[in-house]
Amino acid sequence: MSELQTSRAIPASRAAGLETLRRVAFLEGVADDLLEKLAAAARWRILAPGETVLDAGDEGGEVFFVTEGKVRVVVRSGEGHEVILNDLSAGECFGELAAIDGLRRSASVTALLRARLCSVPGPSFVALVLSSPVAGLRLLRLLTARIRLKDQRTIEAAVLPARERLLAELLRMSTPRSRDDRRVTPPPPQHVIAARLGLRRETVSRELSRLARDGRISMARGAIILHNAEDLQADLTMLLASDGDSQPEGAHSQGPAARAKASKA
């Protein structure tokens, strides 16, 4: 399927498009003359929730900037097993890999909410990042962050049990709630968390219940509360350092960091 095949075009003046591009986080600080060239090559689209932007294996090198709404990036196996790589909101971009290496798309992207996208040809995007140190450095940092996250998830999948992988993902998704606690709000559906981790929904449900029973999380209305988040992160760091050596049965309610604190008391 061709990219944005079912999307409808938005009539927009070049001046309005330029003003919108100035507000895109990736393009902040880029010189006006370079932005004007990008705006001249840009196409604008609106997508309905559930509409596909592009599929893995598609040809094409366009780069997409999300200016409104949210999209989801996923990969699927031949048997239909889906892993969520990322959710991207306004100000973020995708499609840069195909623009850089000229290969087919490596993932599929679908609109989660009603989304407005700006697409630019791959050569125009590459010319921009080669001409603008601001954009070039921002692209390097974007790619570096995505590689670091992929590396972290890979090592977690290799050495951590499902419960600790779930805790690590919840910590990444969380925001501060108090001095000691963090929260995930609103909590994603369990099947979404499972797809982020490559687990079954039943596994996520079981491990969430165990974490709540052990007092490490609370399932509040509209939120998952992570208690003593600093200790949770320290526990994960220690387990990763020890190649995920299993804990004795019954030790889950108190992680390594908490037990170390108790032994010093």
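Rules behind the numbers
Residues numbered from 1 in each chain as written. Predicted model: local features only at pLDDT ≥ 70, side-chain atom pairs only at ≥ 80, totals over all residues. Heavy atoms only, no water. Core = buried A, V, L, I, M, F, W, Y, C linked by side-chain atoms within 4.5 Å. Buried < 20%, exposed > 50% of the residue type's maximum accessible area, 1.4 Å probe, protein only. Helix = DSSP H or I, 4+ residues; strand = E, 2+ residues; numbered from the N terminus. Contact = heavy atoms within 4.5 Å. Pairing = 2+ DSSP bridges. Axes fitted to C-alpha atoms, helices over the stretch in contact; angles between N-to-C directions.

Right, let's get into the nonpolar core. With 23 residues, the main nonpolar core has Phe26, Leu27, Phe65, Val120 and Phe125 as its most contacted residues. Elements with a contribution of two residues or more to this core: α1 (14-22), α2 (32-41), β4 (63-68), β9 (115-120), α4 (122-131) and α5 (133-159). Residues in contact with Val120, not counting those within four places in the same chain, are Leu38, Ala42, Glu62, Val63, Phe65 and Phe125. Core analysis: the second largest hydrophobic core is formed by 22 residues, Val204, Leu226, Leu236 and Leu239 among them.

Let us now look at the sheet that holds strand β11 (residues 182-184). Across the sheet, 4 strands lie side by side as β10-β11-β13-β12; this open sheet has antiparallel pairing. Each of the sheet's edge strands pairs with one partner strand only, and the pair in question is β10 (175-176) and β12 (217-220). One ladder, built from 2 bridges, connects β10 with β11; its direction is antiparallel. Across the sheet, the residue bridging to Pro176 is Arg182, located in β11. Packing of helix α6 (residues 162-173) onto the sheet brings it into contact with β10, β11, β12 and β13 (223-226), and relative to β13 it is tilted by some 105°.

Apart from glycine, the bulk of residues carry a negative phi angle, and the bulk of peptide bonds sit in the trans form. Here the bond from Thr185 into Pro186 is cis, since omega is -10°, no more than 30 degrees from zero. For Pro186, the location among the structural elements is in the loop between β11 and α7 (190-197). Its identity as a non-glycine residue notwithstanding, Asn228 has a phi of 50°, on the positive side. With respect to the secondary-structure elements, Asn228 resides in the loop between β13 and α9 (229-241). You can call Asn228 partly exposed: its relative accessible area is 43%.

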